[in-house]
There are 2 protein chains.
Amino acid sequence: MKDYNSVFEEYLQVNNLKFTEQRKIILNAVFNNHNHFCVDTLFEQIQSNDSFQEYVSRATIYRTIPLLLEANLIKVSEKLSDKETYEHCYGHPKHAHLMCTICNRIIEEDEDRLMNKVINQIAKKNKFKITDFNICIKGECCDCQSKK
Amino acid sequence: MKDYNSVFEEYLQVNNLKFTEQRKIILNAVFNNHNHFCVDTLFEQIQSNDSFQEYVSRATIYRTIPLLLEANLIKVSEKLSDKETYEHCYGHPKHAHLMCTICNRIIEEDEDRLMNKVINQIAKKNKFKITDFNICIKGECCDCQSKK
DNA sequence: CTCGTTGCAAAATGTTTGCAATGTA
DNA sequence: TACATTGCAAACATTTTGCAACGAG
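Note that this is a predicted model, so its numbers are computed, not measured.

(A) Representation of helix H3 (residues 39-47) of chain B in the model. Residues and elements named next belong to chain B. Among the residues of H3, those classed as buried are Val 39, Leu 42, Phe 43 and Ile 46. Along the axis of H3, the buried positions cluster into a sector of 100 degrees, meaning they face one direction only. Elements that come into contact with the buried residues of H3 comprise helix H2 (21-32) and helix H4 (58-70).

Structure representation (structure tokens):
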């Protein structure tokens, strides 16, 4: 499987766009950890990382996100705060999210077999061609329940 | 089962709030049809409806939505446009959404049995206490596939 | 060298809020 | 009558965009 750098590079090439230092920094910041992110958290993450030598403005982040979406490297994610939230998806298997409404933790769960069965069954019943799906469960995580 | 009017009225009473004409209009607009809505579509729907005699400002809609959410009459919904989107949920069984990315149609599917089984299984495995869940499938609907 | 890209600041868009007038219970 | 609510307009927050300087290939 290609790594995300190659995927982005090829996407840019095909579309006559350039693989600039800023785009490299944003791409790496996105894939460096596994957190869901919004423009602000990404901006702060980049600023606080000494190993990124160049400055990246918010405007550039705003302009890069549509490219990453289009290249299928990231996707819009269910949000906890009021800000638009993303997660990287390339190379990451489909999973359900368990979002704790008390501590805001997000647990990922790959219950592949049954999950896919349900999704496929629903799609088939409606003659629907799946390109993506999301399962999100909200409630209280194990820790928060026991703290009460 | 209580009707949505009583539910809202009781919620307001308990919280020392008043059941004003504007709140009645907004509530009825929300439950009058089954579309997902954002502030703007709701505003337009109210303006264009002759049977609503009073004017309702956007500010009032913005102030009423948190009340409807808190009363569990509506909930945040997966969005197609870039605007925050809601759907009424009171009295409406849990369902999956099939969102067509071509025509933007949203199909609702109540495949209760298996859907609930998966959700419960995932929650149980993580000792998670469910308060709500969402299943959203994106892709191409039957009609849009056959048009190609 | 040619165009695409960047950062900046201004503009556009969406949402919240202070306030004086009004309405509900 | 007391106090919550409304519409307005101003404030605020987020995102987009025009532009001149810059940079990748």
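Okay, back to it.
(B) Seen up close, the protein's contact with DNA strand D. Taken together, 19 residues sit near DNA strand D, with Tyr 62 of chain A together with Arg 23, Tyr 55, Ser 57 and Thr 60 of chain B positioned nearest. Between DNA strand D and the protein, one listed contact pairs a phosphate oxygen with a side-chain N or O atom of Arg 23 of chain B at 2.3 Å. Contact distances for DNA strand D include 2.8 Å between a base nitrogen and a side-chain N or O atom of Arg 63 of chain B. Elements represented by at least two residues in the surface near DNA strand D include exactly helix H4 (58-70) of chain A together with H2 and H4 of chain B. Looking at the surface near DNA strand D residue by residue, the class counts come to 7 nonpolar, 5 polar and 7 charged.

(C) Main features of the protein's contact with DNA strand C. As a structural note, the neighbourhood of DNA strand C is formed by 19 residues, with Arg 23, Tyr 55, Ser 57 and Thr 60 of chain A together with Tyr 62 of chain B the closest of them. At the protein interface, 69% of the atoms of DNA strand C within 4 Å belong to sugar or phosphate. A distance of 2.8 Å separates a phosphate oxygen of DNA strand C from a polar atom in the side chain of Thr 20 of chain A. With respect to DNA strand C, the backbone of Tyr 55 of chain A contributes an N or O atom lying 2.6 Å from a phosphate oxygen. For the surface near DNA strand C, the secondary structure elements donating two or more residues are helix H2 (21-32) and H4 of chain A together with H4 of chain B. When its residues are assigned to classes, the surface near DNA strand C shows 7 nonpolar, 5 polar and 7 charged.

Procedures and definitions
- Residues numbered from 1 in each chain as written.
- Chains lettered and ligands numbered in written order.
- Predicted model: local features only at pLDDT ≥ 70, side-chain atom pairs only at ≥ 80, totals over all residues.
- Heavy atoms only, no water.
- Buried < 20%, exposed > 50% of the residue type's maximum accessible area, 1.4 Å probe, protein only.
- Helix = DSSP H or I, 4+ residues; strand = E, 2+ residues; numbered from the N terminus.
- Arc of directions from axis to C-beta.
- Contact = heavy atoms within 4.5 Å.
- Near = heavy atom within 4 Å.
- Polar contact = N/O pair within 3.5 Å; in protein donor to acceptor, adjacent residues only side chain to side chain.
- Nonpolar A, V, L, I, M, F, W, Y, C, P; charged D, E, K, R; others polar.

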